[in-house]
There are 4 protein chains.
Amino acid sequence: MAVVEVTVIPLGTGSPSISQYVAECHKLLEQADDLQVQLTPMSTIIEGELDRIFEVVKQLHAVPFTKGALRVSTTIRIDDRRDKPLTMQGKIKSVTDKL
Amino acid sequence: MAVVEVTVIPLGTGSPSISQYVAECHKLLEQADDLQVQLTPMSTIIEGELDRIFEVVKQLHAVPFTKGALRVSTTIRIDDRRDKPLTMQGKIKSVTDKL
Amino acid sequence: MAVVEVTVIPLGTGSPSISQYVAECHKLLEQADDLQVQLTPMSTIIEGELDRIFEVVKQLHAVPFTKGALRVSTTIRIDDRRDKPLTMQGKIKSVTDKL
Amino acid sequence: MAVVEVTVIPLGTGSPSISQYVAECHKLLEQADDLQVQLTPMSTIIEGELDRIFEVVKQLHAVPFTKGALRVSTTIRIDDRRDKPLTMQGKIKSVTDKL
């Protein structure tokens, strides 16, 4: 299990607003019952099996092209820990427990 | 006003756990009354005046060194929009309104 | 064809040096005859067919685990443009032509 | 001394090409005699004193706004090592020495 952060940004769309592309990505993620998903003000965070997340990330990257974008900049950050289970909730808890 | 995502990672600490460093960063952020802060499973997101955020980010980057780390990898992503107010809450709302 | 930047960082290894992991990743990339690869001081940049790059990036991400790391932070940035060919050389040239 | 990678992307410009903005950033960097600069196909890498780099990065982030962009996404990745000198050339050498 890994926790992965994804940001998909279309370039040259003519408008500085990109929330419609993000919403389209989240509609796609709502169908992925095997993944935990959190929308943040700067990204989408996905928890699940890493190969499965790669598959979904490829689909998310393709979303703006299907909506007419000519260029897409996608950033993916993988946090993968093998000595103990890694979850979004667990990561937050281990910080807040120390505050 | 900008929204900025920050991740501070110490390298070579001997342990794969880094939550103690993140907690230390958040103690520092709790003193910044002029900034909105959100902890996510992959980062810290800060909303505020950009020059002020740069100042704070420099302090966050320095935190692991004060705790003994020898190398720090810090990632900063700035979202800065000048045609309308940009807030963490507004960014989330503009996506969820479309879902 | 896409241009993709990858950075693979092992956490908690006990030493702030990570060049041995980067070298191991590049040995793996040397076998990928269908990809163009450039080592920079901050990352590895790969040019090629996107699905193929994803495949290789998964292998790069796994490298530190095979060398004993318990946690790996991998950052991937994809630049994918569909209105004209995108190459590492072409991207540099389009900037330097304007200088 | 730190090594810092910067990518400045204007959003909603109407064209997927952004090399004119990158070129403008590099004209600005050519005036910074105290910094080492390398253009890569995915970013600009800067070596120098960290406070000085922050100052320059703020200027680079502002460049697209002066050219009419309404929204700018800037990514900064800092590699800061305090146990030995860190240079762009030294980082590349420590990898190629192992190949």
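Residues numbered from 1 in each chain as written. Chains lettered and ligands numbered in written order. Predicted model: local features only at pLDDT ≥ 70, side-chain atom pairs only at ≥ 80, totals over all residues.

(A) Geometry of the relation of the copies chain C and chain A. At an RMSD of 0.0 Å, chain C and chain A line up after a rotation of 180 degrees and a shift of 0.0 Å along the axis. Viewed as a symmetry operation, the transformation between the two copies matches a two-fold axis. Using C-alpha coordinates, one finds that chain C approaches the rotation axis most closely at Ile 76 of chain C, a distance of 2.5 Å. In this assembly the copies share their binding face: 100% of the residues contributing to the interface of chain C also contribute to that of chain A. (Least-squares fit on C-alpha atoms with pLDDT ≥ 70 in both. Contact = placed C-beta atoms within 7 Å.)

(B) Representation of helix H2 (residues 50–66) of chain B in the model. The end-to-end C-alpha distance of H2 of chain B, which contains 17 residues, comes to 25 Å, matching closely the 24 Å that a straight helix rising 1.5 Å per residue would cover. Among the residues making up H2 of chain B, those that are buried are Ile 53, Val 56, Val 57, Leu 60, His 61, Val 63 and Pro 64 of chain B. The buried residues of H2 of chain B occupy one face: seen down the axis, they fall within an arc of 145 degrees. Exposed side chains of H2 of chain B directed beyond 90 degrees from the buried face belong to Asp 51, Glu 55 and Thr 66 of chain B. Close packing links the buried residues of H2 of chain B with strand E1 (2–11), helix H1 (19–30), strand E3 (43–48) and strand E4 (71–81) of chain B together with strand E4 (71–81) of chain D. Following H2 of chain B by one or two positions, Gly 68 of chain B has its phi on the positive side, about 105 degrees. (Helix = DSSP H or I, 4+ residues; strand = E, 2+ residues; numbered from the N terminus. Expected span 1.5 Å × (residues − 1). Buried ≥ 20, exposed ≤ 12 C-beta atoms within 10 Å, placed from the backbone. Arc of directions from axis to C-beta.)

(C) Main features of the sheet that holds strand E1 (residues 2–11) of chain D. Reading across from one edge, E2(B)-E3(B)-E1(B)-E4(B)-E4(D)-E1(D)-E3(D)-E2(D) is the order of the 8 strands in this open sheet, with antiparallel pairing throughout. Of all strands in the sheet, those bounded by a partner on one side alone are strand E2 (36–40) of chain B together with strand E2 (36–40) of chain D. Each adjacent strand pair in this sheet contributes to an overall mean axis angle of 20 degrees, direction not counted. Pairing analysis gives 5 bridges linking E1 of chain D to strand E3 (residues 43–48) of chain D, with the strands arranged antiparallel. (Pairing = 2+ DSSP bridges. Axes fitted to C-alpha atoms, helices over the stretch in contact; angles between N-to-C directions.)

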